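Architecture at a glance
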Protein chains: 2
Amino acid sequence: MRKTRLDTARIRAARRVIDPVFLDSPLYRCEALEPALGCAVSIKLETANPVRSFKARGTEVVASLLADSDARAVVCASAGNLGQALAWSGRGRGLDVTVVASRFATAAKLDRIRALEARLELVDGDHELARERAAALARYEGIRLLEDSLDIETCEGAATIGLELVDTAPSFDTVLIALGGGALATGVGHVVKALAPGVEVICVQPLGAPAMTHSWRQRRVVTTDSTETIADGVAGRCPVPAALTDLLLVADDAVLVQEASIITGMRMFLDHAGLVVEPSAALGVAAILEDRDRFAGRHIVTIVCGSNVDVDAYHHWVGAASL
Amino acid sequence: MRKTRLDTARIRAARRVIDPVFLDSPLYRCEALEPALGCAVSIKLETANPVRSFKARGTEVVASLLADSDARAVVCASAGNLGQALAWSGRGRGLDVTVVASRFATAAKLDRIRALEARLELVDGDHELARERAAALARYEGIRLLEDSLDIETCEGAATIGLELVDTAPSFDTVLIALGGGALATGVGHVVKALAPGVEVICVQPLGAPAMTHSWRQRRVVTTDSTETIADGVAGRCPVPAALTDLLLVADDAVLVQEASIITGMRMFLDHAGLVVEPSAALGVAAILEDRDRFAGRHIVTIVCGSNVDVDAYHHWVGAASL
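Since the model is a prediction, treat every value here as computed from it, not as a measurement.

A word on the layout of surface pockets
All names here are of chain A.
- When its volume is computed, the second largest pocket comes out at roughly 430 Å³.
- Forming the walls of the second largest pocket are 21 residues, and the residues nearest its centre are Phe 104, Ala 105, Thr 106, Thr 229 and Asp 232.
- Here the lining of the second largest pocket is composed, by residue class, of nine nonpolar, eight polar and four charged.
- Counting only domains with at least three residues in the lining of the second largest pocket, you end up with domain 1 (8–53 + 152–322) and domain 2 (56–146).

What follows is the structure in structure tokens.
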């Protein structure tokens, strides 16, 4: 394949600087989900760690590099999971971490960022405004700006999931990956295409936050004016060009799903797998629900990328039909 | 220490016959639980696997031995988790598995046993009647009876958790272990006392199913007439003498907790850790809640031993105060 920005040897090296608590996450068949989905389903569970998402794989790489340099401070924009992960990784290495987030971000994520002793600055707008503010802060303070999906460490960290899939999983046909900025999809996609090229890489995004999917389909950056989805972790409007270029090289498809399917997916994880997942983590199951014929009889791996939810919202989403 | 029935070298050997999907389960600090508990809390998470409990560590050992022998069939009594695990382990090795359970057992557990192609026989009584019926079936059919906590493989399998705690965890002060028949407590307790003797081993049982705790305290088998607890996984009335003998050698304490504390613990796992746990898995947190002073400032490891719940009951337990 044409070359992405990623390099498999560098990804293997990245594993060595990531705290083992984030590595070798559970990967297992979840048969209880299968009757309703009509295919074999394996879960790669990225929630059973101190920050309840995969994001620390990348922030461990970044923080490790910063700690080895003269840098003592770093700032990022985040919908919440990246910020929480950077706060965790930075705290352990004596870094000053600043996180800029939308004031509409998931409260539980913001609470955890504060609890992890990061400086949290809220902006009165969406994630794209938080990105602008973080960039301005970095310039003004002369500190490192960590940009998700643009900075290669975020992609390399996520890509270590791909190594674990390829090394551990029995043969599987398709991996379903939540698509936001693209770090997870390009990282995992790169490794899968490099080491298990027969496996199909399908990205899944909400219909209400389709910028990257539209960009992938049109092979050029397409922005949107707004987002409307409960999947806060993937709700960007302005794709990173370099991430799109990589995504075009590794993704076999990018699909959009409805909010109702995301909610059904979250409820299925709770009812049949005993797993709390945040909306972004249910995108893969939502994609299967919306196109059972496409996946019938195949063996799907879906990456359960996070579990940080506001409890009240979560009860509201999953409660009704279960009670 | 005086010798239990367990042997650390045999436990290490047991690891080699257990499907890796059940090994090296997540172990991580859960800081979000800590403000409410007043101590450092690490979780050993035994729910992120195909049977959602630790029991397959033991059934893998048993099924592996049976598959290497002439035996083609095995029967066990189970509150649900052992049966599910034996069904999983037996299916992969071509064994005929029969599970005897109370008709009052958790429906989700019974459903999974059936889904895993085991023969399920229900008795119109509690778990002790199921044990009698399983023993009768084994005699009548001339097949292997697997007895939880009595058969050493069930203890050795559980003990592999202890190896992972001792090998992986940063120093911790206390391990809190759900106490039912005793396999988990004696297995983990044996390894901890052998390899990390400074660590305190505390067993936790519901006030409504206190037989083993009373037995431990009185140093003789004490039975009870009934049980009254939502913690179905530990609700036995007739302790196994050999398990008690071992428990007396490895447990520093055995405590009883109230149902309300178990429910609060389950709710805390959901609200603060994003984890669905079954009642037995919340016993450790319940013990901290009931005696915060005892654990203040210490580093506690609690084994989250299962997540198999009936969804409606679970919503009933955790829903009220969260909404």
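That covers the picture; the talk isn't over yet.
Digging into the sheet that holds strand 6 (residues 144–146) of chain B
Residues and elements named next belong to chain B.
- The four strands lie next to each other as 5-4-3-6, forming an open sheet whose pairing is parallel. The open sheet is flanked by strand 5 (119–123) and strand 6, the only strands paired with a single partner. For this sheet, the mean inter-axis angle between neighbouring strands, taken without regard to orientation, is 20 degrees.
- As judged from the five bridges shared by strand 4 (residues 96–102) and strand 5, these two strands associate in the parallel manner. Its bridge partner being in strand 5, Val 100 is matched across the sheet by Glu 121.
- Lying over the sheet, helix 4 (residues 81–91) contacts strand 3 (73–77), strand 4 and strand 6, oriented at roughly 165 degrees with respect to strand 3.
- Sheet strands touched by helix 5 (residues 107–115): strand 4 and strand 5. Its angle to strand 5, the strand with the most contacts, is close to 150 degrees.

Description of the sheet that holds strand 9 (residues 253–257) of chain B
Residue and element names in this part refer to chain B.
- The six strands lie next to each other as 1-2-10-7-8-9, forming an open sheet whose pairing is mixed. Because the sheet does not close on itself, it has two edges, and the strands there are strand 1 (27–29) and strand 9. Between one strand axis and the next, the sheet turns through 25 degrees on average, direction left out of account.
- As defined by bridge partners, strand 7 (residues 174–178) adjoins strand 10 (residues 299–304) across three bridges and the pair is classed as parallel. By the bridge assignment for strand 10, Leu 176 is matched with Thr 302.
- Across the face of the sheet, helix 8 (residues 183–195) comes into contact with strand 7, strand 8 (200–206) and strand 10 while running at roughly 160 degrees to strand 7.

Side note on the packing of helix 1 (residues 8–15) of chain B against helix 8 of chain B
All names here are of chain B.
- Running from N to C, helix 1 and helix 8 cross one another at 120 degrees; their axes reach a closest spacing of 11 Å. Relative to helix 8, the element helix 1 lies oblique. Both helix 1 and helix 8 take part in a crossing whose hand is left-handed. Of the residues in helix 8, those touching helix 1 at Thr 8, Ile 11 and Arg 12 are His 190, Val 191, Ala 194 and Leu 195.
- Of the residues in the contact of helix 1 with helix 8, the class split is four nonpolar, two polar and one charged.

Side note on the relation of the copies chain A and chain B
- Rotating chain A by 180 degrees and translating it 0.0 Å along the rotation axis places it on chain B, where the RMSD comes to 0.0 Å. On this basis, the relationship between the two copies can be described by a two-fold rotation axis.
- Taken together, the interface assignments show that 100% of the residues at the interface of chain A recur at the interface of chain B, consistent with an identical surface on both copies.

Thoughts on the pattern of salt bridges
- For the coordinates displayed, the defined rule picks out 50 salt bridges over all chains.
- Note that Asp 124 of chain B and Arg 103 of chain B form a salt bridge whose closest N and O atoms lie 2.4 Å from each other. Residue Asp 124 of chain B is found in the loop between strand 5 and helix 6 (127–141), and its partner Arg 103 of chain B is found in the loop between strand 4 and helix 5; the two are separated by 21 residues along the sequence.
- You can call Arg 103 of chain B partly exposed: its relative accessible area is 47%.
- Between Glu 141 of chain B and Arg 119 of chain B there is a salt bridge, with its nearest N and O atoms 3.1 Å apart. With Glu 141 of chain B in helix 6 and Arg 119 of chain B in strand 5, the pair connects residues that are 22 residues apart, well separated along the chain.
- Bridged by salt links that share partners, the residues Arg 15, Asp 24, Lys 44, Glu 46, Arg 57 and Glu 164 of chain A form one connected network.

Some remarks on the environment of Thr 174 of chain B
Residue and element names in this part refer to chain B.
- Inspection of the secondary structure puts Thr 174 in strand 7.
- For Thr 174, a relative accessible area of 0% corresponds to the buried category.
- Along the primary structure Thr 174 and Arg 220 are separated by 46 residues, whereas in three dimensions their C-alpha atoms are 25 Å apart.
- Once you skip the residues sitting within four places of it in the chain, Thr 174 turns out to touch Val 199, Glu 200, Ile 202, Phe 295, Arg 298, His 299, Ile 300 and Val 301.
- A distance of 2.9 Å separates polar atoms of two side chains, one belonging to Thr 174 and the other to Glu 200.

Describing the pairing of strand 8 (residues 200–206) of chain A
Residues and elements named next belong to chain A.
- Of all seven residues in strand 8, six are buried, a share of seventy percent or more.
- For strand 7 (residues 174–178) and strand 8, the ladder comprises five bridges, and the chain directions are parallel. Pairing of Thr 174 across the sheet is with Glu 200, part of strand 8.
- Following the backbone out of strand 7, through helix 8 (residues 183–195) and into the adjacent parallel strand 8, one traces a crossover that is right-handed.
- As paired elements, strand 8 and strand 9 (residues 253–257) share five bridges and run parallel to each other. Of the residues in strand 9, the one forming a bridge with Gln 205 is Leu 256.

Quick notes on the rules
- Residues numbered from 1 in each chain as written.
- Chains lettered and ligands numbered in written order.
- Predicted model: local features only at pLDDT ≥ 70, side-chain atom pairs only at ≥ 80, totals over all residues.
- Heavy atoms only, no water.
- 1 Å grid on protein atoms, 1.4 Å probe; cavity = no way out; pocket = protein on both sides within 12 Å on 5 of 7 lines; lining within 4 Å.
- Points joined across faces, edges and corners; volume = space filled by probe spheres on them.
- Nonpolar A, V, L, I, M, F, W, Y, C, P; charged D, E, K, R; others polar.
- Domains from an automatic or database assignment.
- Pairing = 2+ DSSP bridges.
- Helix = DSSP H or I, 4+ residues; strand = E, 2+ residues; numbered from the N terminus.
- Axes fitted to C-alpha atoms, helices over the stretch in contact; angles between N-to-C directions.
- Contact = heavy atoms within 4.5 Å.
- Parallel < 35°, antiparallel > 145°, perpendicular 65-115°, else oblique.
- Left-handed = near helix turned anticlockwise from the far one by under 90°.
- Least-squares fit on C-alpha atoms with pLDDT ≥ 70 in both.
- Salt bridge = Lys/Arg side-chain N within 4 Å of Asp/Glu carboxyl O.
- Buried < 20%, exposed > 50% of the residue type's maximum accessible area, 1.4 Å probe, protein only.
- Polar contact = N/O pair within 3.5 Å; in protein donor to acceptor, adjacent residues only side chain to side chain.
- Right-handed = clockwise from strand over helix to strand, strands pointing away.

The analysis is restricted to geometry; functional conclusions fall outside its scope.
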